[in-house]
Amino acid sequence: MAIHQPSTLSEACALLATHNRGSDRDLAPSPLVPIAGGTDLYTHWPQRPDEHAKSYLDLSGIEELRAVRWRNDSLTLGALVTYWRLIQDRTCWSALPMLVQAARQVGAVQIQTRGTWAGNIANASPAADGVPVMMAYDAVVELVSSEGREEIPLADFYQGYKQMRMRPDQLIRSIRIPRRSFLFQRFEKVGSRNAQAITKVGVAIARSGAGWRVVANSVAPTVCRCPTIEALLDDKVTVRGPDDLATALSQDIAPIDDIRSTARYRRRVLARLLYFALRESCSAFE
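Residues numbered from 1 in each chain as written. Predicted model: local features only at pLDDT ≥ 70, side-chain atom pairs only at ≥ 80, totals over all residues. Heavy atoms only, no water.

A. Examining the overall build of the protein chain more closely. Secondary structure assignment for the protein chain yields 11 helices and 14 strands. What you see for the protein chain is a C-alpha radius of gyration of 20 Å, in line with the 19 Å of a compact globule of 286 residues. A buried classification covers 50% of the 286 residues belonging to the protein chain. When contacts within the protein chain are restricted to residue pairs at least 6 apart in sequence, long-range pairs at least 24 apart make up 59% of them. (Helix = DSSP H or I, 4+ residues; strand = E, 2+ residues; numbered from the N terminus. Rg over C-alpha atoms; globule rule 2.2 N^0.38 Å. Buried < 20%, exposed > 50% of the residue type's maximum accessible area, 1.4 Å probe, protein only. Contact = heavy atoms within 4.5 Å.)

Below, the structure written as structure tokens:
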């Protein structure tokens, strides 16, 4: 195992350009895998011997990636900002409370103090807890490389299971989240227990002047927005029970059977989560 430890972002980008963008892959150095908190890597380390032979780009020494910047219209999180940092941020509790709610359910305190929001995005798990709330808040991902920077809405970032709109020579530099006035916010997670459990079904719901945002996890190859449900809510379509939502959800999600749950369970539970979360705030719900 080889570990590279840059102290600046430009140095990190140069290393990625050298290792991950070679035109002749036979002559180029071995690819670098960026790591920040490393929580997913460490958890599976004993069971994945192939990971031991890889080369890693340790970003923990790049101080500029630790910044949290509050502005009147946005919150910007550097790529090394941890869940715990926002749990301790009282402004976040009032302005963007779903971030705190999700952070408090990502593993135990040990994970919360090391795991990063950017790492939750880059790990690209369909069961990610942080991604749904960021997506519901219309977060934008800033990517950087030696060639420049690029911004991509988080809702457009995933292209399939573990597939992202990010080149091998790019890093996540920051995540920008708009600050808005919200009429409704709710984050729900269903797991095998109340804490330290991977999500079976999860959803983040937000309503602002930009309209409804409904984002689900563990029900598709990626964390995904539910545009059919959003349109139903925007149009104030009458909903008489969870089954009405289940019909619309079938156009937005594609759950599977796996070791944690079944597709049937996920469809049924998500419809019920949505219905009972929204019933008290939506006049079209009966």
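Picking up after the structure, the text goes on.
B. Spatial organisation of the sheet that holds strand β6 (residues 140-145). In space, the 5 strands of this open sheet follow the order β4-β5-β10-β6-β7, with antiparallel pairing throughout. The sheet terminates laterally at β4 (68-70) and β7 (148-153), the two strands that pair on one side only. Each strand axis lies, on average, 20 degrees off the axis of its neighbour in the sheet, ignoring direction. Pairing geometry for β4 and strand β5 (residues 74-78), over 3 bridges, is antiparallel. From the neighbouring strand, Trp70 faces β5, where its bridge partner is Leu75. Across the sheet, helix α1 (residues 9-20) touches β6 and β10 (171-178), and the angle it forms with β10 is around 125 degrees. (Pairing = 2+ DSSP bridges. Axes fitted to C-alpha atoms, helices over the stretch in contact; angles between N-to-C directions.)

C. Region of interest: unusual backbone geometry. At Lys162, a position not held by glycine, the phi torsion is positive, near 60 degrees. Inspection of the secondary structure puts Lys162 in the loop between β8 (158-160) and β9 (163-164).

D. Quick look at the pairing of β5. Within β5, 5 of the 5 residues are buried, which leaves it mostly tucked inside the rest of the structure. Where β4 hands over to β5, the hairpin turn is made up of 3 residues, counted between the paired strands.

E. Seen up close, the environment of Asp235. Mapped onto the fold, Asp235 is located in the loop between α9 (227-234) and α10 (242-249). For Asp235, a relative accessible area of 57% corresponds to the exposed category. Each C-alpha atom of the pair Asp235 and Arg260 lies 35 Å from the other, and the pair is 25 residues apart in sequence.

F. Quick peek at α1. Look at α1: 16 Å from first C-alpha to last across 12 residues, which is about the 16 Å you get at 1.5 Å a residue. Those residues of α1 that fall on the buried side of the exposure criterion are Leu9, Ala12, Cys13, Leu15, Leu16, Ala17, His19 and Asn20. Packing partners of the buried residues in α1 comprise β1 (2-4), β2 (32-35), β3 (55-58), β6 and β10. (Expected span 1.5 Å × (residues − 1).)

G. Focus on the side chain of Asp169. Along the chain, Asp169 falls in the loop between β9 and β10. A polar side-chain atom of Asp169 sits 2.9 Å from a polar atom in the side chain of Arg167. Contacts of Asp169, omitting those with residues within four sequence positions, involve Leu16, Ala17, Asn20, Arg21, Val144 and Ser145. (Polar contact = N/O pair within 3.5 Å; in protein donor to acceptor, adjacent residues only side chain to side chain.)

H. Highlighting the packing of α10 against helix α11 (residues 263-278). At a minimum axis separation of 8 Å, α10 and α11 run at an interaxial angle of 125 degrees. Overall, the two elements α10 and α11 adopt an arrangement that is oblique. The handedness of the crossing between α10 and α11 is right-handed. Contact residues: α10 offers Pro242, Leu245, Ala246 and Leu249, while α11 offers Leu270, Ala271, Arg272, Leu274, Tyr275 and Phe276. Classifying every residue of the contact of α10 with α11 by side-chain character gives 9 nonpolar, no polar and 1 charged. (Parallel < 35°, antiparallel > 145°, perpendicular 65-115°, else oblique. Left-handed = near helix turned anticlockwise from the far one by under 90°. Nonpolar A, V, L, I, M, F, W, Y, C, P; charged D, E, K, R; others polar.)

I. Summary view of the packing of aromatic side chains. All chains considered together, the criterion is met by 6 aromatic pairs. Ring geometry for Phe184 versus Trp212: centroids 5.9 Å apart, planes at 50 degrees, classification tilted. Of this pair, Phe184 sits in strand β11 (residues 182-190) while Trp212 sits in strand β13 (residues 211-217), and the two are 28 residues apart along the sequence. With respect to class, Phe184 is no different from Trp212; both count as buried. Put simply, the rings of Tyr275, Phe276 and Phe285 touch in pairs and so form one group of aromatic residues. (Phe/Tyr/Trp six-rings, centres within 6.5 Å; stacked < 30°, edge-to-face > 60°.)

J. Local environment of the nonpolar core. Residues Leu99, Trp117, Ile121, Met134 and Leu154 are the most contacted members of the largest nonpolar core, which totals 57 residues. Contacts of Leu99, omitting those with residues within four sequence positions, involve Leu75, Leu86, Cys92, Trp117, Val133, Met134, Tyr137 and Ile177. Residues Leu232, Leu245, Ile253 and Cys282 belong to the second largest nonpolar core, which totals 30 residues. (Core = buried A, V, L, I, M, F, W, Y, C linked by side-chain atoms within 4.5 Å.)

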